[in-house]
Structure formats: C-alpha cells, structure tokens
Number of protein chains: 2
Amino acid sequence: MKNISVLGSTGSIGRTSLEVIDKLSHKFKVVGLTAGRNTQLLEEQVEKFKPKIISLEKKEEAQDLRRKFKGESIQVTFAQEGAEEVASFPENDIVISAITGIDGLRPTLAAVRQGKKIALANKESMVVAGSLIQNSIQKFGAQLIPVDSEHSGVFQCLAKEKMENVKKVILTASGGPFFSKSPSEMNNVSLEEALNHPRWKMGKKVTIDSATLMNKGLELIEAHWLFGLAPRQLGILIHPQSIVHSLVEMNDGSVLAQLSPTDMKVPIQYALTYPEREDSLLPSLDLSEIKSLEFYEVDVEKFPIIKLARLALEEGESFPIALNAANEVVVDAFLEQRIKFLDISEFVTEVVENHQKRKVQSLEDIFDVDKETRRASLGLLKQRS
Amino acid sequence: MKNISVLGSTGSIGRTSLEVIDKLSHKFKVVGLTAGRNTQLLEEQVEKFKPKIISLEKKEEAQDLRRKFKGESIQVTFAQEGAEEVASFPENDIVISAITGIDGLRPTLAAVRQGKKIALANKESMVVAGSLIQNSIQKFGAQLIPVDSEHSGVFQCLAKEKMENVKKVILTASGGPFFSKSPSEMNNVSLEEALNHPRWKMGKKVTIDSATLMNKGLELIEAHWLFGLAPRQLGILIHPQSIVHSLVEMNDGSVLAQLSPTDMKVPIQYALTYPEREDSLLPSLDLSEIKSLEFYEVDVEKFPIIKLARLALEEGESFPIALNAANEVVVDAFLEQRIKFLDISEFVTEVVENHQKRKVQSLEDIFDVDKETRRASLGLLKQRS
C-alpha cells in the first residue's frame, strides 16, 4: 500500500487522480489533499478518502474545516505553507503535483526535497525552475514521473533507450478549438468557444493555453528539462485526433510513439503505478474505428506564441519565467473577459519581448522575475483597457 | 569488431544486410556467406567482403569457385550441410538468417546451437519450428532478434515492459497490391501485378505472400513464438502507408508503436546493433509530409488465407508446418505461372483443411509433415491443371 498526497485535489487533474486512486484502492491510500477555494469539494473528498492532512488557501476556511472535522484526527493547514506541509508530509510515498501555475512550484520542491516519487502535472514548475528541480532531484534522490500525456508518452517510449541515441522528440498538439479558424475568425471568439476544447476535458487555464498553443510551448520547455533535450531536438506536430501523444525519433531512423484514448486517467495511472502497470477499465483504442491519424505542421503565423516559447526555450535563464508569468496574468484577464482572445498572444509577446534576460540561481531569483513580469503584464493590461 | 555470417546473401534481405554492414564496416566484418544459385552475385560479394567461408547450392559450382579463389584462404562448401557449416562457423558473432522458406530452418538451428546472436529474417523457421527453436535458444544461450519490420517494431516497443502487462500485439499489413481490388478483379491479376508491391521492395516469395496476406498470417505465428503471445493477443490491422509497423497495447490502455521509413535497412541495422543503435543515413520520417496514417480491419472474406493462418496458429502442432509447406509449393506454381492468383489461397486452404493434425517433437517430425504436405500439394496442383 502506497500513501499519496494530491496537491490541487479539487482541480481537473486532482479529481481525476482521486478517481484513479479510488479504483486502485487496494494499492493506494490518500494521506494528504490540498485545495484552493473549492472548500465544498475538498470537504466531500475528505469524507470519502479520510486523509491525515489537508490544506486550503484561506485561514478562515481552514478554521471552519477544523471545527467540522474536530472528532477525526485530521490536520488542517492553509496557504502556501500549508500546501508545502502536505507535500512534505512524512508518510507520503507519492505526491501528485497538480496545482496550476507557478503556485505549484514551492509545494513541488518540498516533495522533491523529501526524496519522494512525484507525479508531475504542474508543468509551470518545470518551465520556471527546471534546472533547480533537476538539481534537487539528484541531491535528494527523488523520482519524477510526468503526468502530461505527451511527456508520459515520451517517458514510456524512452524506456531502455540511451539519450545519446535520441535524435528528436515530437510532442503532438490537437490544435485546440481554433485549429481550422482563420485569424480574422479567431479575433472574435468568445470565452465559451475558447473553453470548448475539441478533445480534452481539462482545467480552464490549460484549456485556454491549448487554444493559443501556449500549452505546447510550455510543454516544449518542460520536455527540455524533463529529458535533457536540446531545443533543436524538440518539435511539435498538430494531430487533431489526439491519439498519438508523442513520438521519439532514434538516430537509426526508428520512431517510437505512444498512443492512448484521450483520457488523463491513462497517464495519471501510469505515473502512479510506474514501473508497474495496472489494468484499466477504459475501452481499448480501436484504430480501425478511428480510421485516420492526421499530422500537420504548426502554423506559427497563426499561433505566434509558439515562436515566442521557442525563443524563451533557447534564451533560457529568466525568459521562461517571464513567459509563464505574462501568460498566467494575461490568461486570467481573458478568463475574466477583460481582453479578447487574440490579445492573449499579443500581450504576452509584448511583455516577453521587452523582458531583460538575467541569470537565475535561486528560488528567490525566480520569484523576483515572476513578480516583476506580473507587474509589467498588469501594467500593459491597464494601459490597453 | 563483430563477425557476421549472412545466410542467403544474394536474396533481397541478404543484399540489404550487406549494404548495412558495408556502411558500418568499422563495427562489422563479414566472415561467411551462403547463396543458392546466384553464383555470379556471390562471387562479387566474395570479392568485396572477403569472407572466410562461403556456401552455395550445387557441388559443381562450389568446385568452380574453389578454383577461382584458389590463392585466397577461403573455404568453399555447398548444399544444406554447407549452409549449416557457415551458420556454425566458430568465428561468427552474429548470424543473419535470411534464407527463404523452410530451407532456412537447419542453418538457423545450427547458429542457435552455437549460442550465437541471430538476426532472424527467415520467418518460416519460426512458423514450422517455433517451439524447437525457443527450446534450443534457452539451452544454448543464443539470442534471437527479429528482422521482420513488424516484429522488430514489437521488440522495440516491448523494451522494458513485462509480458504479463501486454494485452495485445497488432501487426500492420500494407494490404498488398490488391487491397482495393474486388474479388472478381483479383481473379485475373497477372504475375507482374502480384509482384508489384506498393510499399516494400522484397524477394518474390514474400511479395506474393504479401499479396495474398499469407505473409501476415505467417507473421502472426512467428509473433506467437517470438514473444510468447496467445493467439487471442495477436491482431492485424491494414495500414496502407506501411509507416507504423506494429502496436503493443498494454493492460493500462497505453499503446506503444514503432514507425519508420519503409526500408528494411532500419530493422536489419537494429538487429545487428542491438542493444546499441547506430546513426542512419536515411531521411527522417516526416509525418507532416505523409499527413495521414490510415487503418482498416482486414477483409477476411477477400483474404480468407488469414482465417486459415489463424486456424493453424490455434491448432498448432503440425498445422503451421502444413500451412507453410502448402504455401511454398503453391506460390512456386504461381511464380511459374502454372496457376492463377486466387488459386493460391484456394489450393493452400484445401490442403490445410485436409491435413490430419499430429504431434511434432523433433526436426524429423517437422520434415516429415513438410514432405508429406508438399506431396499432397503437388498432387492437388497436378489434379487441377
């Protein structure tokens, strides 16, 4: 029996993770949960999974829950420190890092420093602090298994392969809801249209990132750090069916690919059971029913954010942090319907192009760049509104 | 530097193997070659690769070559025993088994009994003597790496996976030249049309087997013995582009696939270099150029030989031997233009359906069934002509 803490348990990945754990309850037990403001769902999860420690964002809500669960031996903490406490809870065997955005960084690092196995869904941590996280993994003997379907695919394909024999890794992108829209049509899409992803049911932020293709840009940077690949070894292919998640081209011309139904249960379960695999209740992939798998080049004129992400990947240092911070702020503004869809890409580009690159050597450096870029992004939003 | 003997060096796989070895001449040296009747090409190969031992079919031709290469220290043998001598040449590190048909069986076994690494292209050996070969591999500590592109793909996908977690293995088939022909159109196809494979340049026998889909039937049986998979775990998908060679479905819903350009150099080189990989000069697979990968169910009404192969696979014992023998004889008759294309499937079916299953425990048993089935097949051909 392995003990699991789920960081971000009320989000999309968090909820699906709990479904997987529930199905494999003979193997896994929930010991910790962290949530943001969805106290009601967290309460339900606590009642069902009986964790030993939980954390939520606000002190007052934590006090409410403490009263509510008084009779039971459950530790209720709050805020960033609370999430870190859950992440470093000594009884954890596995920590699922599924908080969205840079908010997931400190809790992820807390789990890494305990030398735990981390199932990483929080790609932004890797984007802003890849070097720091990899150094800590080495230092503390932690193990990191990707949960993003594309990176899970790469991880599976790499299996026994030597990295020196890997020529290229290609992540596929569905193309999002606007793949076949013209730029002028994209100009007036609504929030609802942007949130209506054709293939994946995901959280709001990543759904918007998928519509702008920023999600794929962040994933390129994530893959760079996860697998130690040079920028020129990383590619993207549009694949509207979202069945092939990634492809690994070897030096001898052979290409290994990972396919699965478009359901996050597959990579989540793999991350939890690795190096074992457990039966799934999902129906088998039937390619004769799907009939055709299509692949296209990315139209970088239509989705210029991909070029921006490549720039951040190649420049490195503070650039990916600025990219991520600008994107988080600007996507928030779009989700609050304060800007139009095409503004996302435009504003993020403007902020990142004005960013002054600098060396990043500590967590403090990362948060400095993050804070400063958020300020610049908010300034730009204000100026343009 | 590894020493290689190529059994069947003048055939399609043999010639391509020598191209691969030539390109990797810093790693590999040819020490042995065997050929059938293409003495002229064998001579050229001897002059280029300077092997230490060669074998060809006829005694007289062997004597000719002995005279011709008198000054050089080269051992020239002949017939089945000659091929076995090359296969068990003590200096071999790797033996490429690329003789077509059951004729490859004794030489393959000779290499296995020396505990060598065998790159197996001779699928018929596995079909008729899978159990015997696997037992000998265990006993003599040999290693067998498949060369068939589909099985090479499966081998690569399985990498670190546990066989108990494998749910299904799917081999793809291009569908051959008659994939989109109606049965009545297939009735009158010429030998040239049948030999004109849309994707692969191969030897004549396997090209005809690809047109009838018998090749895929034999490959199912080969996969059964290579990977220890039950018949129900083995499937076929038609995939006209021949880019995805095989798919391995795991118990957790994840599917691993191997793709590569339609060029036998890829699996041949992999078999030679395994567990390493070497750079290839082939252009990278560009899926955005290929655009679409299509998959269809096999039409077993149009290609009934698939049902027959499944029957042989499920019945086991002497059935696969009978299937292979009938097919070798009947395909020969088609290559000599003595029968029509649709007769192949019809005659093979008739012979196999009349076959009386019996236990097979030795090489002698195998050759008995083979001989008897050849007699029955020749009888049927005579009767129908």
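As the structure is a prediction and not an experimental result, all values here were calculated from the model.

Q: What am I meant to see in the interface of chain A and chain B here?
A: How big an interface is tends to be expressed through the accessible area that disappears when the partners come together. Across the boundary between the two partners, chain A contributes 42 residues, which contact 42 residues of chain B. By the criterion of area lost to chain B, the three top residues of chain A are D252, R277 and F295 of chain A, representing 18% of everything that side buries. Here chain A and chain B share six salt bridges between them. Linking R277 of chain A and D252 of chain B is a salt bridge whose minimum nitrogen-to-oxygen distance equals 2.9 Å.

Q: Whenever I open this one, the domain arrangement of chain A confuses me. Can you help?
A: Residue and element names in this part refer to chain A. Partitioning chain A into domains gives domain 1 (2-146) and domain 2 (162-384). Each of domain 1 and domain 2 was reduced to a C-alpha centroid, and the two centroids are 23 Å apart. Taken residue by residue, the interface counts 38 residues in domain 1 and 36 residues in domain 2. Carbon and sulfur atoms make up 71% of the surface buried where domain 1 meets domain 2, a total of about 3100 Å² over both sides. Interface area lost by domain 1 to domain 2 is led by I102, K123 and V127, which between them contribute 21%.

Q: How do you make sense of the packing of helix α1 (residues 12-23) of chain B against helix α2 (residues 39-49) of chain B when you look at a structure like this?
A: All names here are of chain B. At their nearest, the axes of α1 and α2 sit 13 Å apart, and the two run at 10° to each other. Classed by the angle they form, the pair α1 and α2 counts as roughly parallel. Crossing hand, α1 versus α2: left-handed. On α2, the residues that touch R15, L18 and D22 of α1 are L41, Q45, K48 and F49. A breakdown of the residues in the contact of α1 with α2 according to their chemical character gives three nonpolar, one polar and three charged.

Q: What am I meant to see in the environment of V331 of chain B here?
A: Residue and element names in this part refer to chain B. Relative to the elements of secondary structure, V331 occurs in helix α15 (residues 319-335). Judged by its relative accessible area of 1%, V331 falls in the buried class. Linking V331 and K205, residues 126 residues apart in sequence, is a C-alpha distance of 7.0 Å. With sequence-adjacent residues up to four places away left out, V331 is seen in contact with K205, I208, D209 and I344.

Q: Please explain the relation of the copies chain A and chain B as it appears in this structure.
A: Relating the two copies of this chain is a rotation about some axis coupled with a shift parallel to it. By a simple turn and slide, chain A fits onto chain B: the slide is 0.0 Å along the axis, the RMSD is 0.0 Å, and the turn is 180°. Considering both components of the superposition, the chain copies are consistent with a two-fold axis. In this assembly, 100% of the residues forming the interface of chain A have copies in chain B that are likewise at the interface, indicating an isologous arrangement.

Q: Could you clarify how one ought to interpret unusual backbone geometry in this entry?
A: Glycine aside, residues mostly have negative phi, and peptide bonds are mostly found in the trans state. Residues and elements named next belong to chain A. Put simply, Y274 and P275 share a cis peptide bond, and its omega is 5°. With respect to the helices and strands, the residue P275 is situated in the loop between α12 (265-273) and α13 (287-290). At L213, a position not held by glycine, the phi torsion is positive, near 75°. Structurally, L213 can be placed in the loop between α10 (204-212) and α11 (214-227). For L213, a relative accessible area of 3% corresponds to the buried category.

Q: Before we go on, may I ask you to explain the packing of aromatic side chains in this structure?
A: The description of an aromatic ring pair rests on the distance of the ring centres and on the angle between the ring planes. Applying the stated criterion across every chain yields a total of twelve aromatic pairs over all chains. When the ring of F178 of chain A is compared with that of F341 of chain A, the centres are 4.8 Å apart and the planes differ by 75°; the resulting orientation is edge-to-face. Of this pair, F178 of chain A sits in the loop between β8 (166-173) and α8 (183-186) while F341 of chain A sits in helix α16 (residues 341-353), placing them 163 residues apart in sequence. Using a relative accessible area of 1% as the deciding quantity, one classes F178 of chain A as buried. With centroids separated by 6.3 Å and ring planes inclined at 70°, the aromatic side chains of F155 of chain B and Y270 of chain B adopt a geometry described as edge-to-face.

Q: Please explain helix α17 (residues 363-384) of chain A as it appears in this structure.
A: The α-helix advances 3.6 residues per turn, and as a result positions three or four apart in sequence lie on the same side. Residues and elements named next belong to chain A. The end-to-end C-alpha distance of α17, which contains 22 residues, comes to 31 Å, matching closely the 32 Å that a straight helix rising 1.5 Å per residue would cover. For α17, the complete set of buried residues consists of L363, I366, F367, V369, D370, T373, S377, L380 and L381. Looking straight down α17, one finds that the buried residues subtend no more than 155° of arc, so they occupy a single side. Residues of α17 that are exposed and point more than 90 degrees away from the buried face comprise K371, R375, K382 and Q383. The elements touched by buried residues of α17 are α5 (105-113), α6 (123-140), α15 (319-335) and α16.

Q: Looking at this model, I keep getting lost on the sheet that holds strand β9 (residues 234-238) of chain B. Mind explaining?
A: Backbone-to-backbone hydrogen bonds pair the strands of a sheet. The strands run either parallel or antiparallel. Strand order across the open sheet formed by eight strands is β9(A)-β8(A)-β10(A)-β11(A)-β11(B)-β10(B)-β8(B)-β9(B), with mixed pairing between neighbours. Here the strands that pair on one side only, and so sit at the sheet edges, are β9 (234-238) of chain A together with β9 of chain B. Between one strand axis and the next, the sheet turns by 20° as a mean value, whatever way the strands run. With respect to the sheet, helix α7 (residues 149-158) of chain B is in contact with β11 (255-259) of chain A together with β8 (166-173), β10 (244-250) and β11 (255-259) of chain B, its orientation differing from that of β10 of chain B by roughly 40°.

Q: Can you help me understand the pattern of salt bridges in this one?
A: Opposite charge on two side chains makes pairing possible when the charged atoms of those side chains draw close. All names here are of chain A. Taken as a whole and assessed by the stated rule, the structure comprises 56 salt bridges over all chains. Among the salt bridges present, the one from E91 reaches K52, with a minimum N-O distance of 2.7 Å. On the criterion of sequence distance, the pair formed by E91 in the loop between α4 (79-87) and β5 (94-97) and K52 in the loop between α2 (39-49) and β3 (53-56) is long-range, its members being 39 residues apart. On the accessibility criterion, E91 (33% relative accessible area) is partly exposed. Under the relative-accessibility criterion, K52 is labelled partly exposed at 34%. The structure contains a network of salt bridges with shared partners spanning K123, D148, E150, K216 and E219.

Q: Help me understand the sheet that holds strand β4 (residues 75-78) of chain B, please; the structure alone is not making it clear to me.
A: All names here are of chain B. If you walk across this open sheet you meet the seven strands as β4-β3-β2-β1-β5-β6-β7, and the pairing is parallel. Either end of the sheet is taken by a strand with one partner, and the two such strands are β4 and β7 (143-146). Averaged over all neighbouring strand pairs, the angle between strand axes comes to 25°, with direction disregarded. Inspection of the sheet shows strand β6 (residues 117-120) paired to β7 by four bridges, in the parallel sense. Paired with I118 across the two strands is L144, which belongs to β7. Most of the contacts of helix α5 (residues 105-113) go to β6, to which it runs at about 150°, and overall it touches β1 (2-7), β5 (94-97) and β6.

The rules behind the values
Each chain carries its own residue numbering, running from 1 in the written order of its sequence. Going through the entries in the order they are written, you letter the chains from A and number the ligands from 1. Note on the predicted model: pLDDT of at least 70 is required for a residue's local features to be given, and 80 or more for side-chain atom pairs to be given and counted; whole-chain, interface and lining totals, by contrast, use all residues. The basis for every side-chain value is the complete set of heavy atoms in the structure, and neither hydrogens nor water enter the calculation. Between two residues, a contact is recorded if the distance between any of their heavy atoms is within 4.5 Å. As used here, buried area is the combined drop in accessible area, with a 1.4 Å probe, of two parts when they are placed together. In what follows, salt bridge is the name for a side-chain nitrogen of Lys or Arg lying within 4 Å of a carboxyl oxygen of Asp or Glu. Each domain's extent was defined by an automatic or database domain assignment. All axes here are fitted lines through C-alpha atoms, helices being fitted over the stretch that makes contact, and every angle between N-to-C directions spans 0 to 180 degrees. Put simply, DSSP marks the helices as runs of H or I at least four residues long and the strands as runs of E at least two long, and each gets a number from the N terminus on. Roughly parallel refers to an angle under 35 degrees, roughly antiparallel to one over 145, roughly perpendicular to one between 65 and 115, and oblique to any angle outside these ranges. Note on convention: near helix rotated counterclockwise from far helix by under a right angle means a left-handed crossing. Clockwise means right-handed. Ten residues, namely Ala, Val, Leu, Ile, Met, Phe, Trp, Tyr, Cys and Pro, are considered nonpolar, four, namely Asp, Glu, Lys and Arg, are considered charged, and the remaining ones, Gly among them, are considered polar. Residue exposure (1.4 Å probe, protein chains only): buried if accessible area is under 20% of the type maximum, exposed if over 50%, otherwise partly exposed. Superposition of the copies used a least-squares fit over C-alpha atoms from residues whose pLDDT is at least 70 in both. Any two of the Phe, Tyr and Trp rings considered here, Trp counted by its six-membered ring, make a pair once their centres fall within 6.5 Å; the pair's planes then place it as stacked at under 30 degrees, edge-to-face at over 60, or tilted in between. Here a helix's expected span is defined as the number of its residues, less one, multiplied by 1.5 Å. Arc definition: it is the arc formed by the directions from the helix axis to the C-beta atoms. Should DSSP find at least two bridges between two strands, the strands are regarded as paired.

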